[in-house]
Amino acid sequence: MRPIVFVPACTRDFGEHPYHAAQHKYVDAVVLGADCAPLILPSLGEALDLETMLALCDGIMLTGSASNVHPSYYSEELLDPSLPQDPARDQTTLPLIRAAVKRGIPIIAICRGFQEMNVALGGSLYQAVQAVPGHFDHRENPELGMDEQYGDAHKIRLVEGGMLHQIIGLPEIPVNSLHGQGVNELAPGLVVEATAEDGLVEAFSVSGAPGFTLAVQWHPEWRIVHNPHSMKMFGAFGNACRTYRATKRTPL
């Protein structure tokens, strides 16, 4: 049996009805990249039974989203109320991350998920990277087609000897860029795995975590089977999920 990977849902209104939703590309990445079985986790906030859920899963993938982590979680006021929020997802993923890291459950986090991990573990975010002196605009051009929006935007430098460097085996790689927010203060215990050309943190891991943890700011899930770097990342995550599943099912 394949490992079960939770994909926490965003909350969305379609017509007059609210939904728990996850984009196809993230679910596909779990199947095609990690060779695992995805299970969409509803964003129930405090109503979610964490103990029951964590006992079922072998890994977690935190997806990107149009919404942002509410800045109250890192003691700031909301600068731009026009930007979408998803309080139910915040209330679900932030405690989920802390509990999963402690248990050693493998985690791979993308874009919003990358930002969620930093905030959940005690870090803060730039609410508008493009407004910070010394950083360039990391947002996509919405007037372009999807393939162009998700095309290579800039290079990132991988930290020599780090987890990501060991997985990919190259000192730098090109990545896409579709985010307006980014890491300001890195949470205690997080280790930088890659940076953009302007110095913005693009990837990190959790130092001393008992399980696989890798968070990236770009979107490796996009057309994953056509990107060998993304396949290596998700392959490493899938292997970690298989190891975790085998370990937790081994009698003591």
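- Identification of the chain as Gamma-glutamyl-gamma-aminobutyrate hydrolase family protein from Massilia pinisoli is taken from an unreviewed UniProt entry.

## Here we look at the overall build of the chain
Part 1 of the reasoning: When its secondary structure is counted, the chain shows seven helices and 13 strands.
Part 2 of the reasoning: Compactness check: the chain gives a C-alpha radius of gyration of 17 Å against a globular reference of 18 Å for 252 residues, within 12% of the reference.
Part 3 of the reasoning: Each principal axis of the C-alpha distribution contributes one length, and for the chain these read about 55 × 45 × 35 Å.
Part 4 of the reasoning: In the chain, the proportion of contacts linking residues at least 24 apart, taken out of those at least 6 apart, comes to 69%.
Part 5 of the reasoning: If you average the places of the 17 positive and of the 28 negative side-chain charges in the chain, the two averages end up 10 Å apart.

## A look at the packing of aromatic side chains
Part 1 of the reasoning: Counted under the stated rule, the structure contains four aromatic pairs.
Part 2 of the reasoning: Aromatic side chains F14 and Y19 sit 5.1 Å apart centroid to centroid with 75° between the ring planes, which places their arrangement in the edge-to-face category.
Part 3 of the reasoning: A relative accessible area of 46% places F14 in the partly exposed class.

## Let's talk about the packing of helix 1 (residues 24-33) against helix 7 (residues 228-248)
Part 1 of the reasoning: The contact between helix 1 and helix 7 brings their axes to 9 Å, and the two run at 75°. Classified by the angle between their axes, helix 1 and helix 7 sit roughly perpendicular to one another. Each of A29, L32 and G33 in helix 1 lies in contact with helix 7, whose residues at this interface are M231, F234 and G235.
Part 2 of the reasoning: Residue composition of the contact of helix 1 with helix 7, grouped by class: four nonpolar, two polar and no charged.

## Some details on the pairing of strand 8 (residues 154-158)
Part 1 of the reasoning: Residues H154, I156 and L158 point to one face of strand 8 and are all buried, whereas K155 and R157, pointing to the other face, are not buried.
Part 2 of the reasoning: Where strand 8 and strand 9 (residues 172-175) come together, four bridges link them in antiparallel fashion. In the sheet register, R157 faces strand 9, and the bridge partner there is E172.
Part 3 of the reasoning: Relative to strand 11 (residues 190-196), strand 8 runs antiparallel, the two sharing three bridges. Considered in strand 11, the bridge of L158 is made with A194.

## Description of helix 1
Part 1 of the reasoning: Where helix 1 is concerned, the buried positions are K25, Y26, A29, V30 and G33. Taken end-on, helix 1 shows its buried residues confined to a sector of 145°, consistent with a single buried face.
Part 2 of the reasoning: If you follow the buried residues of helix 1, they end up packed against strand 1 (4-8), strand 4 (37-41), strand 5 (59-62), strand 6 (107-110) and helix 7.

## Considering the side chain of R245
Part 1 of the reasoning: Looking at the secondary structure, you find R245 in helix 7.
Part 2 of the reasoning: Residue classification places R245 among the buried residues on the basis of a relative accessible area of 9%.
Part 3 of the reasoning: Not counting the four nearest positions on each side in its chain, R245 is found in contact with M1, R2, P3, I4 and D58.

## Details of the packing of helix 3 (residues 87-103) against helix 4 (residues 112-120)
Part 1 of the reasoning: Where helix 3 meets helix 4, the closest approach of the two axes is 9 Å, and the angle between their N-to-C directions is 65°. Relative to helix 4, the element helix 3 lies roughly perpendicular. In the crossing of helix 3 with helix 4, the sense of the turn from one axis to the other is right-handed. Facing R89, D90, T93, L94, I97, R98 and V101 of helix 3, the residues of helix 4 in contact are R112, G113, E116, M117 and A120.
Part 2 of the reasoning: Of the residues in the contact of helix 3 with helix 4, the class split is five nonpolar, two polar and five charged.

Parameters at a glance
- Residues numbered from 1 in each chain as written.
- Predicted model: local features only at pLDDT ≥ 70, side-chain atom pairs only at ≥ 80, totals over all residues.
- Heavy atoms only, no water.
- Helix = DSSP H or I, 4+ residues; strand = E, 2+ residues; numbered from the N terminus.
- Rg over C-alpha atoms; globule rule 2.2 N^0.38 Å.
- Contact = heavy atoms within 4.5 Å.
- Lys, Arg positive; Asp, Glu negative; His and termini not counted.
- Charge placed at Lys NZ, Arg CZ, Asp CG, Glu CD.
- Phe/Tyr/Trp six-rings, centres within 6.5 Å; stacked < 30°, edge-to-face > 60°.
- Buried < 20%, exposed > 50% of the residue type's maximum accessible area, 1.4 Å probe, protein only.
- Axes fitted to C-alpha atoms, helices over the stretch in contact; angles between N-to-C directions.
- Parallel < 35°, antiparallel > 145°, perpendicular 65-115°, else oblique.
- Nonpolar A, V, L, I, M, F, W, Y, C, P; charged D, E, K, R; others polar.
- Pairing = 2+ DSSP bridges.
- Arc of directions from axis to C-beta.
- Left-handed = near helix turned anticlockwise from the far one by under 90°.

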